[in-house]
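Okay, here's what each chain looks like letter by letter:
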Amino acid sequence: MALTGMDIYKMLPKKNCKECGFPTCLAFAMKLAQGGIEAEKCPYMSEEVKQKLSDATAPLMKTVKFGYGEKTYTLGGETVLFRHEKTFVNRNRFAVMFSDVMSEEDINGRIERMNKVSYVRINERMYVEIAAVKCESDNKEKYLGLLKKVKDECKDAVPMIINENAEIAKAAVEEVKDLGPILYGANDQNYEEMVNIAKQYNILLGVEANNLEELYKLVEKIHALGYKELILGTKAVSAKKAFEDVVNIRRTALITQDRVFGYPAAVFVNRLSKDKFLQLSYATVFVEKYASIIVLDDIDYSIALPLFALRQNIYTDPQRPMRVEQGIYRIGQAEENSPVLVTVDFALTYFIVSGEVERSKVPSWVLVPDAGGYSVLTAWAAGKLSGKSIAKAVKDFGVEEKVKTREIIIPGKVAVLKSDIEDALPGWKVVVGSEEAALLPKFLRDYISK
Ligand code: SF4
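These lines cover the structure that appears in this document, whether it is placed above or below. Quantities reported herein were computed from a predicted structural model and do not represent experimental measurements.

**Topic: the pattern of salt bridges**
Logical step 1: Counted according to the given criterion, the structure contains 34 salt bridges.
Logical step 2: The closest approach of N and O atoms between Arg-110 and Asp-106, which form a salt bridge, is 3.6 Å. With Arg-110 and Asp-106 both in helix α4 (residues 104-116) and four residues apart, this pair spans about one turn of that helix.
Logical step 3: One salt bridge in this structure joins Asp-300 and Lys-276, with 2.6 Å as the shortest N-O distance. With Asp-300 in the loop between β12 (291-296) and α11 (301-314) and Lys-276 in helix α10 (residues 276-288), this residue pair connects regions lying 24 residues apart in the sequence.
Logical step 4: When its relative accessible area of 16% is taken as the criterion, Asp-300 is described as buried.
Logical step 5: Look at Lys-276 and you get partly exposed, because its relative accessible area is 33%.

See the structure below:
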């Protein structure tokens with residue numbers, strides 16, 4: 001159970017010296033109990049107490065890492081069951097499954113499709129982060145051959161070694177050790193050897209059991225061996241059971257405050273169905289509750305687009321709109337005679353609009369006023385996008401010094417603002433643009449050819 005402020009206070013040196021930045025030891029204890037600071041801030045604690053407090057005040061769900069360099073990923077560390085209570089912090093990662101009993105053609109097809117998935121949405125590049133490589137042949141050479149192929153050809157993915165044979169697992173980790181792989185497959189029979197491998201290479205270890213009771217006992221045994229870089233999974237083959245398992249793991253960690261289940265979870269949606277789009281539907285459920293690694297058979301664009309968009313939406317702070325900085329943005333080689341378009345500072349709107357302007361190949365300026373982080377119509381309805389706010393942005397961002405043109409293009413959906421803007425911006429003419437961003441390329445080409 002978590003320690004209270006008073007429990008912590010009893011362990012402190014009670015000097016009230018303020019060196020921790022708090023006026024009293026009691027104030028420090030209260031803050032430490034809330035998880036807002038680290039025990040190390042007090043220089044007078046014994047190492048034993050410091051360790052005890054660090055363990056007791058650590059997040060209920062552990063944060064773990066895998067990968068390498070810029071492709072280092074963090075999983076877990078969640079503090080709430082429901083996103084609207086605060087926010088989810090470490091987004092799940094998607095994996096494509098490979099097996100050493102698959103045909104060459106099938107393997108090549110999956111590699112080609114996953115490598116093709118690479119695009120930018122709201123300033124973030126989307127791609128498949130994990131290649132899960134399963135050993136089903138029990139043939140070391142065959143498995144290592146597949147792992148090497150995946151390592152060489154899946155350009156963005158970190159390998160997840162799925163293997164219950166400790167001897168093959170060790171050789172596999174050695175093959176890809178520089179990529180910070182995940183070793184998945186510790187079970188009741190092999191856990192001691194698997195923990196030794198994970199410890200030796202300092203990598204994330206996937207632990208799996210038939211059900212949650214067995215999983216709980218297995219994690220306790222692994223804790224007794226001193227290893228805590230874990231991700232948990234069950235062998236559920238129905239969506240209902242898999243869902244119950246991940247929800248119970250998360251609830252046990254956060255509500256019962258039992259750190260045995262205080263780890264991120266993995267779900268293999270490819271075990272729940274062989275249908276591509278049913279796998280996609282299940283994956284959307286587990287993005288929301290509560291898988292940190294979701295393994296599918298295959299990820300092409302038709303799977304990636306909805307999944308990555310959903311993940312990006314779920315793993316944002318619901319109390320803060322996703323905004324871009326207000327200002328005047330230059331798209332292409334825009335110069336003093338280039339068109340000036342207005343949009344809003346809601347990130348999704350801005351990136352869609354700027355993407356369409358780029359697609360038009362018409363160098364342009366995009367003016368982003370303070371619109372409260374809302375979409376165009378919401379900002380207008382909330383009074384955040386008005387003639388005054390647009391005129392203020394024109395002045396604040398020096399638009400009149402950047403361009404000779406005195407025309408400004410506004411989104412078609414707020415055509416009603418035309419006269420307001422012209423009143424607030426004497427000398428400027430307002431042109432009503434297209435209603436939809438997708439129509440901007442045609443609109444801009446027509447506009448400059450007039
Ligand atoms: Fe108390 Fe330690 Fe803070 Fe000093 S540094 S006030 S002893 S908690």
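**Structural notes on the pairing of strand β1 (residues 63-68)**
Logical step 1: Looking at chain direction, β1 and strand β2 (residues 71-76) are connected through six bridges and run antiparallel. Bridge pairing in β2 links Phe-66 to Tyr-73.
Logical step 2: Once β1 ends, the chain turns through two residues before running back antiparallel as β2, passing Gly-69 with a positive phi of about 45°.

**As for the packing of α10 against α11**
Logical step 1: At a closest axis distance of 10 Å, the pairing of α10 and α11 adopts a crossing angle of 10°. Classified by the angle their axes make, α10 and α11 are roughly parallel. Across the interface between the two elements, Lys-276, Phe-277, Leu-280, Ala-283, Thr-284, Val-287 and Glu-288 from α10 touch Ser-302, Ile-303, Pro-306, Leu-307, Leu-310, Arg-311 and Ile-314 from α11.
Logical step 2: Taken together, the residues of the contact of α10 with α11 sort by class into nine nonpolar, two polar and three charged.

**What about unusual backbone geometry?**
Logical step 1: Notably, Asn-202 is not glycine yet its phi reads approximately 55°, a positive angle.
Logical step 2: Structurally, Asn-202 can be placed in the loop between α7 (191-201) and β9 (204-209).
Logical step 3: For Asn-202, a relative accessible area of 61% corresponds to the exposed category.
Logical step 4: Even without glycine at this site, Lys-361 takes up a positive phi of about 65°.
Logical step 5: For Lys-361, the location among the structural elements is in the loop between α12 (347-360) and β15 (364-368).

**Observations regarding the site of the ligand**
Logical step 1: Around the ligand lies a shell formed by Pro-13, Lys-15, Asn-16, Cys-17, Lys-18, Cys-20, Cys-25, Phe-28, Cys-42 and Pro-43.
Logical step 2: Grouping the constituent residues of the shell around the ligand by class yields seven nonpolar, one polar and two charged.

**A closer look at the side chain of Thr-343**
Logical step 1: By secondary structure assignment, the location of Thr-343 is in the loop between β14 (340-342) and α12.
Logical step 2: Judged by relative accessible area, Thr-343 falls into the buried class, the value being 1%.
Logical step 3: Setting aside residues up to four positions removed in sequence, Thr-343 forms contacts with Thr-349, Tyr-350, Val-353, Val-366, Leu-367, Val-368 and Pro-369.

Thresholds applied
- Residues numbered from 1 in each chain as written.
- Predicted model: local features only at pLDDT ≥ 70, side-chain atom pairs only at ≥ 80, totals over all residues.
- Heavy atoms only, no water.
- Salt bridge = Lys/Arg side-chain N within 4 Å of Asp/Glu carboxyl O.
- Helix = DSSP H or I, 4+ residues; strand = E, 2+ residues; numbered from the N terminus.
- Buried < 20%, exposed > 50% of the residue type's maximum accessible area, 1.4 Å probe, protein only.
- Pairing = 2+ DSSP bridges.
- Axes fitted to C-alpha atoms, helices over the stretch in contact; angles between N-to-C directions.
- Parallel < 35°, antiparallel > 145°, perpendicular 65-115°, else oblique.
- Contact = heavy atoms within 4.5 Å.
- Nonpolar A, V, L, I, M, F, W, Y, C, P; charged D, E, K, R; others polar.
- Near = heavy atom within 4 Å.

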